[in-house]
Each structure stands twice: as structure tokens, then as C-alpha cells.
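Residue-level structural notes
What follows is the residue order along each chain.
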Amino acid sequence: MNTNFNIVKKPKKEDVEIEEDEEEIELDDGDDKPSKSSSNDLRKRMFLVMGFIVGGTILLLFILYLCSLLMHKTYDYADIENLMESSAKKYFKDNPNYLPTEEGNIVELDVNNLVAGSYMKNLSEYTGEGVTCSGTIQVEKSGSEYLYTPYLNCGDQYYTEELYKKIVNDNNVVTSGYGLYSHNGSYAYRGEEVNNYVKLDNSLWRIVKVTSNNNVVLIHNDGLPYTQPWDDRYNESRFYAAGINSYGASRIKEYLNKVYKNSKTKKEDEKDENILSNSDKAKLVSYNLCTAKRAANSTTSDNTEECQENTANQKLGLLTLSDYIYASIDPNCKTAISKSCQNYNYLSIDNDWWLATANSADNSTVYKVDGTGVVSSENASNYCIVRPVVYLNSKILYKGGEGTLEKPYTVK
């Protein structure tokens with residue numbers, strides 16, 4: 001069999017170099033074929049032009065998108081309320097003479113005034129098509145702070161809701177079991193498992209009741225971390241510093257005033273008693289704390305005895321004995337000495353804590369709730385934790401939450 005092979009001779013390096021030199025010489029001598037460098041330049045120009053076209057198209061589309069957003073941007077209703085509030089604050093910063101000057105005074109500002117002053121646009125600029133809204137902002141002086149409350153009314157689409165309305169609407173009023181009860185013109189929670197948690201900026205609280213004028217009464221969930229005497233003054237009738245059980249002149253009242261002002265009650269304290277932000281303080285109203293004494297065997301649970309005397313204009317106070325007794329649904333919880341008051345009572349916690357009510361049997365003992373939920377009478381000079389009580393303004397707006405521990409009510 002004959003087999004033919006084509007033998008290819010690999011050129012030497014010198015031959016390749018010579019051929020390349022000859023090719024270069026021919027091109028240099030005027031050959032019309034384009035060089036490699038000129039082809040690369042042409043490709044670069046083409047890619048550059050294409051890049052400009054694509055980039056320009058993308059930029060144009062982005063500009064058109066931004067223009068469409070700026071032409072009409074819709075907001076959530078909560079965002080509109082926030083915008084109304086911030087615009088009102090700017091307005092009153094420029095016009096401070098229009099702010100209320102006395103505690104409890106209210107000034108109302110219509111959104112149209114803010115629009116006329118270029119503090120915001122017409123509400124129609126922020127809502128969806130076909131949604132018509134009106135709005136006002138109420139400003140109330142509360143201590144050294146001002147409470148701004150925006151009210152937005154968009155008909156069937158949306159309206160601003162106060163916290164107290166949310167509480168009453170969320171809870172069907174009951175006459176037995178756990179829940180919200182109607183009680184002497186107010187609404188009060190009773191039972192062990194009730195969804196009455198509220199989260200303020202700095203701390204967690206429980207709703208005790210909604211008063212007849214729609215203020216929401218809160219008690220601090222856990223209590224402050226340091227135990228305090230109710231009072232530790234020298235008592236002439238006891239011949240030692242057993243304390244004097246008059247709330248208006250007590251150490252506990254002084255202590256709560258310091259907590260409200262965020263004053264350090266001890267040099268080493270750095271944090272724990274700062275339970276209210278400035279925003280929280282603006283949401284509070286002053287109230288008259290019922291502080292009359294009562295007997296251990298008294299069966300009232302409606303504050304008729306405690307409210308025969310009061311300490312006026314308090315921002316932080318304590319819970320009355322009546323309020324604690326009424327929170328239990330045990331039918332045997334009738335007096336301060338009824339151990340059954342610990343049963344079915346959401347106010348019971350794992351610490352001893354002070355009540356506002358003193359024992360009328362003497363001038364040195366005060367009622368406390370122990371770690372099992374049982375009420376007892378103790379010397380005012382003893383140490384227990386403090387669970388502050390505050391009154392939220394009826395105008396405080398509901399923001400979110402369900403009242404549970406996991407999802408407490410939040411406010412605006």
C-alpha cells in the first residue's frame with residue numbers, strides 16, 4: 001500500500017520576521033489595504049457611538065420617569081398627616097405669637113392657611129385620583145411642650161382616629177370575663193389576659209381605663225428599677241422615721257416629679273428612669289390624683305373614697321387602691337385585705353409596688369401590692385418599686401398595633 005504524506009516545513013523564526021518586514025514595507029509603500037491599527041480605531045469609534053446612543057436613551061427614560069413622579073406623587077395617609085404636622089411646625093416657627101400661651105389652650109390651623117403660606121401644596125397633590133380631603137392641625141400647650149395633632153378627613157377613604165376611639169372600637173364592651181367594661185362613665189380593663197399594651201417612645205405601658213373625658217390612663221408595665229420609700233420622714237406618733245402617709249407632702253411625690261423632669265435621682269444613675277421622651281411629655285395632660293385615705297375593710301371600687309381629696313396638676317402619679325381592686329374579676333375581691341384580688345388581675349407583677357392610697361387607720365402606713373398580687377398595708381418608710389401612672393391626652397392619635405405584648409398600640 002502506498003501512503004503519501006505532505007510534509008509541511010515549519011518556517012524559521014528569521015523567515016517569519018523577514019516576511020512581516022516585507023509586508024510592512026509593502027503597506028508603507030502605498031498599499032490601499034487598511035492597517036490593523038486603523039481597523040481597531042474604527043471599531044472603537046463604532047462602540048463609542050453605540051454607547052452614547054444607549055446611554056442617552058437610558059438617561060432620557062430616567063428623566064421622564066422622574067418627571068412623572070414629580071408631576072403627581074401619591075402619599076400614604078399617614079405620610080400626609082406627618083406632612084401636615086411638619087408644615088404646621090414650620091408655620092408656627094415663623095409665627096410664634098400665634099401659639100397657645102396657657103396650659104390646655106388649643107389653636108386650630110386649617111391646611112388652606114398652610115397652602116396659602118407656601119408651607120405645603122394642596123392636599124389633592126398628595127392623594128390619589130378622585131380622593132378629596134380636608135385637614136386641620138390642632139396645637140395644644142402641654143407643660144413646656146406643644147402637642148401637634150393633624151386631623152385628615154378623606155371621606156370614606158380615610159379619617160384620622162384617636163387612640164381612645166381605637167380602644168373602644170377594638171374591644172366589644174363586656175359584662176363578664178376578661179375585657180373592657182363600662183364603669184361609671186368610663187371604660188376600664190378587667191381580667192388577667194387583656195390586650196391593653198401601649199408603646200411610647202421610651203417605655204411600655206398598660207391601659208388601665210379611658211376616662212369620661214376620653215383621656216387614656218396608663219400604668220408603667222414593669223415599674224422603675226430602683227425601690228423607693230413612699231415616705232421616710234420622722235413620725236412623731238411612731239417615735240422614729242416611719243414616714244408620714246400624706247401623699248401631697250410625700251417623698252414619692254417628689255421622686256415622681258424628678259422622674260418626669262428626667263433629673264438624676266442618684267449620682268450613679270445614667271439611664272433607667274428616663275421613661276418619657278419630650279415627645280411623650282407633649283402627649284400627657286395634668287390630672288388630679290385621688291389621694292384620700294381609706295380603711296382596709298372598705299368595699300368601694302369606684303374611687304369615691306380616694307377622690308374625696310386629691311393632689312392637683314400631676315403629670316406622674318400612682319394607681320389608686322380602687323383601680324387595682326376593680327381590675328380583678330374574682331367576685332371575692334372586695335376589699336384591700338381580700339387576697340382574692342391577686343386572681344384574674346393583669347396588674348399583678350412579680351415585684352412589690354406602691355399604690356397612691358394610704359391606710360386611714362393611722363398616719364404612717366400605705367397600701368402596696370406584693371409580688372403575688374396581694375394588697376397589704378406597710379410602713380411608708382419601707383422600700384418598693386414605683387409604677388408611674390400617666391394620662392394621655394384624648395387627642396392622641398392611633399398609629400398602629402393591636403394592643404398585644406407582641407404588637408402593642410403605638411401613637412403618633
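Residues numbered from 1 in each chain as written. Predicted model: local features only at pLDDT ≥ 70, side-chain atom pairs only at ≥ 80, totals over all residues. Heavy atoms only, no water.

1. Some details on the state of the cysteines
What the rule picks out here adds up to three disulfides. Across a sulfur-sulfur distance of 2.0 Å, Cys133 and Cys154 are joined as a disulfide pair. One disulfide, between Cys133 and Cys154, carries an S-S torsion of 110° and so falls in the right-handed class. Of this pair, Cys133 sits in the loop between α4 (111–116) and β2 (134–142) while Cys154 is found in the loop between β3 (145–153) and α5 (163–170), placing the two residues 21 residues apart along the sequence. Taken as a pair, Cys133 and Cys154 share a single burial class, namely buried. Between the sulfur of Cys333 and that of Cys341 lies a disulfide, 1.9 Å long from S to S. What sets the handedness of the Cys333 and Cys341 disulfide is the S-S torsion sign, and at about 95° it is right-handed. In this pair, the class of Cys333 matches that of Cys341, namely buried. Each disulfide in the protein chain links cysteines that, numbered along the sequence, combine into the pattern 1-2, 3-4, 5-6. (Disulfide = S-S within 2.5 Å. Helix = DSSP H or I, 4+ residues; strand = E, 2+ residues; numbered from the N terminus. Buried < 20%, exposed > 50% of the residue type's maximum accessible area, 1.4 Å probe, protein only.)

2. Points about the side chain of Thr365
Topologically, Thr365 is positioned in strand β13 (residues 365–369). Residue class for Thr365 comes out buried when judged on its relative accessible area of 9%. Of note is the side chain of Thr365, whose polar atom sits 2.7 Å from the side chain of Asp362. Sequence-distant contacts of Thr365, defined by excluding residues within four places in its chain, comprise Asn245, Ala358, Asn359, Ser377, Glu378, Asn379 and Ala380. (Polar contact = N/O pair within 3.5 Å; in protein donor to acceptor, adjacent residues only side chain to side chain. Contact = heavy atoms within 4.5 Å.)

3. Things to note about the sheet that holds strand β1 (residues 106–110)
Pairing is antiparallel across the open sheet formed by three strands, whose spatial order is β1-β2-β3. A single partner strand is all that each edge strand has here, and the edge strands are β1 and β3. Averaged over all pairs of adjacent strands, the angle between strand axes in this sheet comes to 20°, irrespective of strand direction. Examined bridge by bridge, β1 and β2 share five bridges and lie antiparallel to one another. Bridge pairing links Leu109 to Ile137 in β2. Relative to the sheet, helix α3 (residues 77–94) contacts β1, β2 and β3, its axis offset from that of β3 by approximately 135°. (Pairing = 2+ DSSP bridges. Axes fitted to C-alpha atoms, helices over the stretch in contact; angles between N-to-C directions.)

4. What about helix α6 (residues 251–260)?
Turning to α6, its buried residues number three or more, namely Ile252, Lys253, Tyr255, Leu256, Val259 and Tyr260. One side of α6 holds all its buried residues, which, seen down the axis, span an arc of 160°. (Arc of directions from axis to C-beta.)

5. Observations concerning the packing of aromatic side chains
Evaluated as defined, the whole model comprises nine aromatic pairs. A ring pair is formed by Trp230 and Tyr247, whose centres lie 5.8 Å apart and whose planes are at 70°; its orientation type is edge-to-face. In this pair, Trp230 is assigned in the loop between β9 (228–229) and α6 and Tyr247 in the loop between β9 and α6, connecting sequence segments 17 residues apart. Neither Trp230 nor Tyr247 differs from the other in exposure class; each is buried. Aromatic ring contacts, followed pair by pair, group Tyr91, Phe92, Tyr98, Tyr119 and Tyr148 into a single cluster. Between the NZ or CZ atom of Arg206 and the centre of the ring of Tyr197, over which it lies, the distance is 3.9 Å. A cation sits over an aromatic face here: Arg387 above Trp353, 4.5 Å from the ring centre. (Phe/Tyr/Trp six-rings, centres within 6.5 Å; stacked < 30°, edge-to-face > 60°. Lys NZ or Arg CZ within 6 Å of the ring centre and 35° of its normal.)

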